[in-house]
Amino acid sequence: MAPAPYEPYEPSPGDWEPRYPYQEFYSGGGKKPRRSGGRGGWWVLLALAVLVVGAAALFSRFSVDIRQTTEGVTVSIQDTANPSDSEAADSSASDSGDASSDIMVLQPSAGDGGAELTVTEAPDDLPPTYAGSGEGLSFQEIYQKAIPSVVSITTTLYSGSVATGSGIIMSADGYIITNEHVINGAVAIDVLTSDNETYSAGLVGSDATSDLAVLKIEVSGLTPAEFGDSTQMEVGDTVVAIGDPLGTELRGTMTDGIISAINRDLVVNGRSMTLLQTNAALNNGNSGGPLINVYGQVIGVNTMKMSSYYSTATVEGLGFAIPISTAKPIIDELIDQGYVSGRPAIGISTRELPDVVRAYYRIPSGVYVESVDPESDAYEKGLRKGDTITAIEGVAVSTTEELNVVKNQFRAGDTVQLTVYRDGNLYSVEVVLSDASGT
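In this text, all values refer to a predicted model and were calculated from it rather than measured experimentally.

Details of the overall build of the chain
Line of reasoning, step 1. Within the chain, the secondary structure is distributed over eight helices and 26 strands.
Line of reasoning, step 2. Per-residue burial over the chain gives 38% buried out of 439 residues.
Line of reasoning, step 3. As displayed, the chain has an accessible area near 24300 Å², and 52% of this comes from carbon and sulfur atoms.

Structure, rendered in structure tokens:
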């Protein structure tokens, strides 16, 4: 079947410029340059010798520092006779260089409707405050109350490798909350409880957008966590995190800190998340574990931390958790039907092409379409493998993450306009978004 026709899009001049313009090479017009002769060449050699000797004397007295910065190449010359000034200059350059951003965010079966997450409010006469101040529980009491409800999760992936994370017991009959990225790609999931019993877990449901998942183990008599109202938390409130930093060898580790910020908006893998920020130490393996207030109530699901691109620079105290107020309706829906309805999908899989490939085939910056779901509206409108999406709703995109950031502002059933490049032309295509659970 021939693809549905596109409506031609008429780009105005200057919509984009070729990323790799042609370079022109010039010759000498076929004429061989004349060779300088006579004794003039000796004078040139003598001048070069004088320059070399002068440069050697200069470098013996001065320190020359050449650096590549974001603004270009900088050259600094310091008198070695005054080392203190040189050290001060180096310190200043280092400080200005460290001010640039070198941080990245580390850090990604149907339900049977058998349980529901219950949120308990904190006592009215004891507002959230500092642990050990006479209000709330001590750190020891918090740990004793919460640790029976924290589990270790080990996932075996398709590749055969093993990943670890943490989880929170939600009900006595075996419902467990964790992060979606902890169990993503798993072929087998094992849960280790605080009494050293191991159980095979089934996946009730998961949602990549919120990074939440619900597991189920066949057991009774577990100790469920008490869940608190995360909307009552304020900056400065004491919290603790319990989980398995770096794996099960360190399972049950508790770290303390405060709420550093609330309603922190971050974009993670193309999805926007509103999170609690804490300086309680979180590491790989803490994902899916609880963030707990001074009453031993779970008020967040630890999901990620920030770390550095470079081993020489450290980032400390930047951890994030999904508030329970945000997680509750999603968890309830996952238990009820195994997925969260209304998540938007175009019905395509995409990838980014290397610059050299785009330059060779003269493809503009955009997202390459790898495949199209035959049941999607995008397929009906003629979108095919090999097309390149350069914009969505008028917003230029060059990565899948940028495409998802705009797409996720809509819901299934909404219509979005895509700008698509094909065979040297741009086209405008209106596509109805489908429900991600059915694609």
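There is more to say, and it comes next.
Points about the environment of alanine 280
Line of reasoning, step 1. Positionally, alanine 280 belongs in the loop between strand S15 (271-278) and strand S16 (290-292).
Line of reasoning, step 2. For the pair formed by alanine 280 and threonine 238, sequence separation is 42 residues and the distance between their alpha carbons is 9.3 Å.
Line of reasoning, step 3. Those residues in contact with alanine 280 that sit more than four places away from it in its chain are Ala241, Thr255, Asp256 and Gly257.

Examining the side chain of serine 171
Line of reasoning, step 1. By the element assignment, serine 171 lies in the loop between strand S7 (162-169) and strand S8 (175-178).
Line of reasoning, step 2. Only 2.5 Å separates the side chain of serine 171 from the side chain of aspartate 173, close enough to count as a polar contact.
Line of reasoning, step 3. Ignoring any residue separated from it by four or fewer positions in sequence, one finds serine 171 in contact with Ala115, Leu222 and Pro224.

Brief notes about the packing of aromatic side chains
Line of reasoning, step 1. By the definition in use, this model includes one aromatic pair.
Line of reasoning, step 2. Note on tyrosine 360 and tyrosine 361: the rings are 5.0 Å apart at their centroids and 85° apart in plane angle, and the pair reads as edge-to-face. Side by side, tyrosine 360 and tyrosine 361 carry an identical accessibility label, which is exposed.
Line of reasoning, step 3. Over the face of the ring belonging to tyrosine 175 we find lysine 216, whose NZ or CZ atom lies 5.3 Å from the ring centre.
Line of reasoning, step 4. One Lys or Arg, arginine 384, reaches over the ring of tyrosine 379 and ends 3.8 Å from the middle of that ring.

Description of the sheet that holds strand S6 (residues 150-157)
Line of reasoning, step 1. On the basis of which strands lie adjacent, the closed barrel formed by six strands has the order S6-S7-S8-S11-S10-S9 and antiparallel pairing. On average, each strand axis in the sheet is inclined to that of its neighbour by 40°, with strand direction left out of account.
Line of reasoning, step 2. Sheet topology note: the S7/S8 ladder contains two bridges and is antiparallel. Among the inter-strand pairings, isoleucine 169 is bridged to a residue of S8, identified as isoleucine 176.
Line of reasoning, step 3. Strand contacts of helix H5 (residues 324-337): S8, strand S10 (198-207) and strand S11 (212-217), with the helix running at about 45° to S11, the strand carrying the most contacts.

Digging into the environment of tyrosine 379
Line of reasoning, step 1. By secondary structure assignment, the location of tyrosine 379 is in helix H7 (residues 377-380).
Line of reasoning, step 2. For the pair tyrosine 379 and glycine 347, spaced 32 residues apart in sequence, the C-alpha separation works out to 8.0 Å.

With respect to the pairing of S15
Line of reasoning, step 1. Among the eight residues in S15, six count as buried, and that is most of the element.
Line of reasoning, step 2. Two strands pair when backbone bridges link them, and S15 and strand S18 (residues 319-323) are joined in this way by three bridges, in the antiparallel orientation. From the neighbouring strand, leucine 276 faces S18, where its bridge partner is alanine 321.

Quick notes on the nonpolar core
Line of reasoning, step 1. Ranked by size, the top nonpolar core spans 35 residues in total, and within it Met170, Ile177, Phe227 and Ile331 carry the most contacts.
Line of reasoning, step 2. If one sorts the elements of this core by residue count, H5 sits on top with six residues.
Line of reasoning, step 3. By size, the runner-up hydrophobic cluster in this structure holds 17 residues, among which are Leu383, Ile392, Val420 and Leu433.

A word on the confidence of the model for the chain
Line of reasoning, step 1. For the chain, the mean per-residue pLDDT works out to 77, and 68% of the residues sit at or above 70.
Line of reasoning, step 2. Confidence over residues 9-38 falls short of pLDDT 50; this stretch has 14 contacts with residues more than four positions distant or in other chains.
Line of reasoning, step 3. Within the model, the stretch residues 59-110 combines pLDDT values under 50 with 65 contacts to residues more than four positions away or in other chains.

Things to note about the pattern of salt bridges
Line of reasoning, step 1. Enumeration according to the criterion identifies nine salt bridges in this entry.
Line of reasoning, step 2. Lysine 328 is the salt-bridge partner of glutamate 116, the closest N and O atoms lying 3.4 Å from each other. Of the two residues, glutamate 116 sits in the loop between strand S4 (103-105) and strand S5 (119-120) while lysine 328 sits in helix H5, which places them 212 residues apart along the sequence.
Line of reasoning, step 3. The partner of arginine 351 in a salt bridge is glutamate 370, and the shortest N-O contact between them spans 2.5 Å. Within this pair, whereas arginine 351 is found in strand S20 (residues 348-351), its partner glutamate 370 is found in strand S21 (residues 367-372), the two being separated by 19 residues in sequence.
Line of reasoning, step 4. Assessed through its relative accessible area of 27%, glutamate 370 is described here as partly exposed.

Remarks on the pairing of S7
Side chains on a regular strand alternate between the two faces of the sheet.
Line of reasoning, step 1. Summarising the sheet, S6 and S7 pair through seven bridges and their orientation is antiparallel. In the strand pairing of S7, valine 151 is matched with glycine 167.
Line of reasoning, step 2. Here S6 folds back onto S7, and the loop between the two strands holds four residues, one of which, glycine 160, carries a positive phi near 95°.
Line of reasoning, step 3. With antiparallel pairing between neighbouring strands as the criterion, S7 and S8 make up a hairpin whose turn holds five residues, including glycine 174 at a positive phi of roughly 105°.

Rules behind the numbers
- Residues numbered from 1 in each chain as written.
- Predicted model: local features only at pLDDT ≥ 70, side-chain atom pairs only at ≥ 80, totals over all residues.
- Heavy atoms only, no water.
- Helix = DSSP H or I, 4+ residues; strand = E, 2+ residues; numbered from the N terminus.
- Buried < 20%, exposed > 50% of the residue type's maximum accessible area, 1.4 Å probe, protein only.
- Areas by Shrake-Rupley, 256 points an atom, 1.4 Å probe, with all protein chains shown as cover.
- Contact = heavy atoms within 4.5 Å.
- Polar contact = N/O pair within 3.5 Å; in protein donor to acceptor, adjacent residues only side chain to side chain.
- Phe/Tyr/Trp six-rings, centres within 6.5 Å; stacked < 30°, edge-to-face > 60°.
- Lys NZ or Arg CZ within 6 Å of the ring centre and 35° of its normal.
- Pairing = 2+ DSSP bridges.
- Axes fitted to C-alpha atoms, helices over the stretch in contact; angles between N-to-C directions.
- Core = buried A, V, L, I, M, F, W, Y, C linked by side-chain atoms within 4.5 Å.
- pLDDT = per-residue confidence, 0-100.
- Salt bridge = Lys/Arg side-chain N within 4 Å of Asp/Glu carboxyl O.

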